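One letter stands for each residue in the lines below.
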Amino acid sequence: MRLTVIGTGYLGAVHAACMAEIGHEVLGVDTDAAKTAALAAGRAPFFEPGLPELLARHTRTGRLRFTTSLEEAADFAALHFVCVGTPQQPDSLAADLSHVEAVVDGLAPRITRDSLIVGKSTVPVGTTRALGRRVTAGARDGVEIDLAWNPEFLREGYAVQDTLRPDRLVAGVTTPHADRLLRAVYEPMLRSGIPYIRTDPATAELVKVAANSFLATKISFINAMAEVCDAAGADVVTLADALGHDERIGRRFLSAGLGFGGGCLPKDIRAFLARAEELQVGEAVAFLRQVDRINERQRLRTVDLARQLLGGTFAGRRIAVLGATFKPDSDDVRDSPALAVTCELAAQGADVRVHDPEGVDNARAVLPGPAYHTAVMTACRDAELVLHLTEWREYRALDPARLAEVVRAPRLLDARNALDTAAWHAAGWHVRALGRPAHVPQPGHGEPVRVTIPHALGAPCTAPTAGEPVSGAPA
Ligand code: UDX
C-alpha cells in the first residue's frame, strides 16, 4: 500500500521504516529539512538499535522516501499517519496539540481524493473528535476525509521490535472503511496472531494514556516502597522480587530507583490529569499527582543520599556520574532523571564528570556545565563518589577492583539498583542504594533518607552554563 508518515521523530521515523519493512511504499514528511535529508541518506537522527539498518535497506530500494512537502504527501497517498509530537505545554500540565492541529489543518485542504488520516501521537481523550471538526472545515468540496486513532506503544531502545511485533494493535475507527484499511496495513502482523482491537477513537486514545499511567504508577509504587524500606531498614530489591513472583503483580516495571523520565511517561500522566479536570473527573485520577510527586522525589532522595555520603557538602567535591540519558539504549535526555540529578549537583558546587555511552552530545546541549567523557575510567578519575544513574549494560560489566584504583575514594551510589553491589563491596567499595540497607555501617545508617522540598511538578532544571559561577550553597 502507499502511505505517508507525517512527523519523523522517534515515533514517525520508526513507523515509516517499519511500514517499508512490511512491504508498503512510504513517504515520510517533516518540516525539518535537515532531518529529512539525514533520513533520506539512510541515517537515523537519533540512537535506536535496528533503525539504521532498516533506513539503509529501504531508502536504497526506493520504497522509503522523505520530503518536507505536505502537497507531495497529499498527492502521494490516500492514507496518512500523523506521528508529530505532543509535548507538555510550557505553562500548564496539558499537552500541546499545536503540531497535530497544524498537520491536519495543512493537509486537509491539499487532499484531492477520499482519504483516511490516522493519528498515532499520544493525545488527550476527545482529540480525534475535535480534529474531525477541523478536517471537515478544511476539506475540499466533494472530498471525504475520515479520521481514526491508532496509538503506538513503542519503547525507545526497542522501537523497531515493538513496531514490528507489538503486543496489540488498537484501532479507534468510526467507519468500516477505516477498519478495513488499517487491517490491510497491518495484515502481516495480524497473520502472525497479534491481537487487533477495534474500538471507537475515544477508547483508543485512552488505551495509550491509561497504559502509560499504569506503568508510571507501578514504578512510583515500588519507589514509595523504597522510601518505606529506607525508613524501616528493609530491602526494596528483595521486596520487588518477592512481589513479582505473584503473577497478578509481575516483576516488570518494579525496579526501584531514580524513577521514570523521558518524552512520554511524565508528560502523559500530567496531560491526563489536565484532561480529566476538563472532563470534571479530576478526582478519579488525582492519584497520578502523587505518582508524579513520588517520582520527582526520587531525584531529591538521590541528591540527599549523595550529599550524606560526602559528609554533608558538595562544594568542590569531584563526582563521577555514570549515565545521562533517561534510560539505557537511548540517547534521549528529555526529562532525564540522571541529568536532573547532575544539574542539581553542579548547582550545589560539585565538580561533576559525566559519562554516557550514547547521550553525551544531547546532554551537553541542555546542560553544558559539567565535563563529559566517553570513557568511564576518565570520568571516574579522582572521584570521591561514583553515581550510577542510568543502567547501561556497560556499567554492569565494569570491574569494580580496577575502578577502585582510579578514584580518590571508593564510594558508590547505585541509584538504579542494577549493579552487583556485593561484588563492588567485596572490591572495597562503600556502597549505598535507594531502598536498600547500607553495606558498610556508618553514622546515619538506618536513618531515613530525609526529603526536604518536593520540586514543583515539571519544574525545569536550571542548569548552570559553562563559565557561569555556580550558585546555591550546600544544604
Ligand atoms: C514508555 C512506554 O513504555 C511505551 O509503551 C510508550 O509508548 C512510551 O513511553 P519509554 O519512554 O521508551 O516508553 O520508556 P520505558 O521503557 O517505559 O521507561 C520509562 C522510564 O521508566 C525510564 O526512565 C526507566 O528508567 C523508568 N523505569 C522503568 C523505572 O524507573 N523502573 C522500572 O521498573 C521500569
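Residues numbered from 1 in each chain as written. Predicted model: local features only at pLDDT ≥ 70, side-chain atom pairs only at ≥ 80, totals over all residues. Heavy atoms only, no water.

**A closer look at the layout of surface pockets**
Of the volumes computed, that of the second largest pocket is approximately 190 Å³. Leu97, Pro124, Thr127, Arg275 and Glu278 are the residues nearest the centre of the second largest pocket, which is lined by 16 residues in total. Listed by contribution, the elements that provide at least two residues to the lining of the second largest pocket are α6 (127–138) and α12 (265–278). Looking at the lining of the second largest pocket residue by residue, the class counts come to nine nonpolar, three polar and four charged. A domain-level breakdown of the lining of the second largest pocket finds at least three residues from each of domain 1 (2–199) and domain 2 (214–472). (1 Å grid on protein atoms, 1.4 Å probe; cavity = no way out; pocket = protein on both sides within 12 Å on 5 of 7 lines; lining within 4 Å. Points joined across faces, edges and corners; volume = space filled by probe spheres on them. Helix = DSSP H or I, 4+ residues; strand = E, 2+ residues; numbered from the N terminus. Nonpolar A, V, L, I, M, F, W, Y, C, P; charged D, E, K, R; others polar. Domains from an automatic or database assignment.)

**Focus: the pairing of strand β14 (residues 430–433)**
Consecutive side chains of a regular strand alternate in pointing toward one face of the sheet and then the other. Here β14 shows two buried faces, one formed by His430 and Arg432 and the other by Val431 and Ala433. Here four bridges tie strand β13 (residues 411–414) to β14, and the two strands are oriented parallel to one another. Bridge assignment links leucine 413 to a residue of β14, and that residue is arginine 432. Handedness of the β13-helix α19 (residues 421–426)-β14 crossover: right-handed. (Buried < 20%, exposed > 50% of the residue type's maximum accessible area, 1.4 Å probe, protein only. Pairing = 2+ DSSP bridges. Right-handed = clockwise from strand over helix to strand, strands pointing away.)

**A word on helix α8 (residues 176–185)**
For α8, every residue scored as buried is listed here: Ala178, Asp179, Leu182 and Val185. Each buried residue of α8 sits inside an arc of 125° when the element is viewed along its axis, so together they form one side. (Arc of directions from axis to C-beta.)

**Some thoughts on the pairing of strand β9 (residues 318–322)**
With respect to burial, β9 is a largely interior element, five of its five residues being buried. Where burial is concerned, the two faces of β9 agree: the one with Arg318, Ala320 and Leu322 and the one with Ile319 and Val321 are both buried. Inspection of the sheet shows β9 paired to strand β10 (residues 351–355) by five bridges, in the parallel sense. Paired with valine 321 across the two strands is valine 354, which belongs to β10. Considered for its hand, the β-α-β crossover made up of β9, helix α14 (residues 337–347) and β10 is right-handed.

**Overview of the domain arrangement of the protein**
When cut into domains, the protein gives domain 1 (2–199) and domain 2 (214–472). On a C-alpha basis, the centroid separation for the pair domain 1 and domain 2 is 34 Å. With 18 residues of domain 1 at the interface, the matching set in domain 2 holds 20 residues. Between domain 1 and domain 2, the buried area comes to about 1,500 Å², and carbon and sulfur atoms account for 55% of it. Of all residues in domain 1, Phe47, Leu93 and Glu156 give up the largest surface area on contact with domain 2, accounting jointly for 44% of the area buried on that side. On inspection of domain 1 and its partner domain 2, the count reaches one salt bridge. Inspection of the region where domain 1 meets domain 2 yields nine residue pairs in polar contact (both at pLDDT 80 or more). In terms of residue class, the side of domain 1 that touches domain 2 is built from eleven nonpolar, five polar and two charged. (Contact = heavy atoms within 4.5 Å. Buried area = accessible area lost by both parts, 1.4 Å probe. Salt bridge = Lys/Arg side-chain N within 4 Å of Asp/Glu carboxyl O. Polar contact = N/O pair within 3.5 Å; in protein donor to acceptor, adjacent residues only side chain to side chain.)

**Overview of empty space enclosed by the protein**
Enumeration over the complete set of coordinates arrives at two cavities of 30 Å³ or more. Quantified by volume, the largest cavity comes out at close to 80 Å³. At five residues, the largest contribution of residues to the lining of the largest cavity is made by α12. Grouping the amino acids of the lining of the largest cavity by side-chain chemistry returns seven nonpolar, two polar and three charged. Both domain 1 (2–199) and domain 2 (214–472) contribute no fewer than three residues apiece to the lining of the largest cavity.

**Some words on the environment of alanine 363**
As for its position among the elements, alanine 363 is in helix α15 (residues 360–366). Distance from alanine 363 to aspartate 162, taken between C-alpha atoms, is 26 Å for residues 201 residues apart in sequence.

**Things to note about the nonpolar core**
The nonpolar side chains of a soluble globular protein tend to be buried, and buried together. The biggest cluster of nonpolar side chains holds 39 residues, and the ones touching the most others in it are Leu3, Val26, Leu51, Leu64, Phe81, Leu182 and Tyr186. It is helix α1 (residues 10–21) that provides the largest number of residues to this core, a total of nine residues. Ranked by size, the runner-up nonpolar core spans 30 residues in total, among them Ala306, Ile319, Leu385 and Leu434. (Core = buried A, V, L, I, M, F, W, Y, C linked by side-chain atoms within 4.5 Å.)

**Describing the sheet that holds strand β12 (residues 385–388)**
Here we have six strands laid out as an open sheet, ordered β11-β10-β9-β12-β13-β14, and parallel in their pairing. Strands at the two margins of the open sheet, each flanked by one partner only, are β11 (371–373) and β14. Across this sheet, the average inter-strand angle for adjacent strands is 20°, counted without regard to direction. Note that β9 and β12 share four bridges and pair parallel. The partner of leucine 322 across the bridge, within β12, is histidine 388. Of the strands in this sheet, β12, β13 and β14 touch helix α13 (residues 287–309), which is tilted by about 165° from β13. In the packing of α14 onto the sheet, the strands contacted are β9, β10, β11 and β12, and the crossing angle to β10 comes to about 160°. (Axes fitted to C-alpha atoms, helices over the stretch in contact; angles between N-to-C directions.)

**Let's talk about the site of the ligand**
The ligand sits among 20 residues. The nearest are Phe153, Leu154, Glu156, Ser255 and Phe326. Between the ligand and the protein, one listed contact pairs an oxygen atom with a backbone N or O atom of leucine 254 at 3.4 Å. The contact in question runs from an oxygen atom of the ligand to an N or O atom on the side chain of lysine 327, over 2.9 Å. Relative to its unbound accessible area of 670 Å², the ligand is 91% covered by the protein chains. A per-element tally of the shell around the ligand places helix α10 (residues 201–232) first, with four residues. For the shell around the ligand, the domains that each give at least three residues are domain 1 (2–199) and domain 2 (214–472). (Near = heavy atom within 4 Å. Areas by Shrake-Rupley, 256 points an atom, 1.4 Å probe, with all protein chains shown as cover.)

**Here's the deal with the side chain of serine 115**
Take serine 115: it is sitting in strand β5 (residues 115–119). Of the polar contacts made by the side chain of serine 115, one reaches the backbone oxygen of arginine 113; its length is 2.8 Å.

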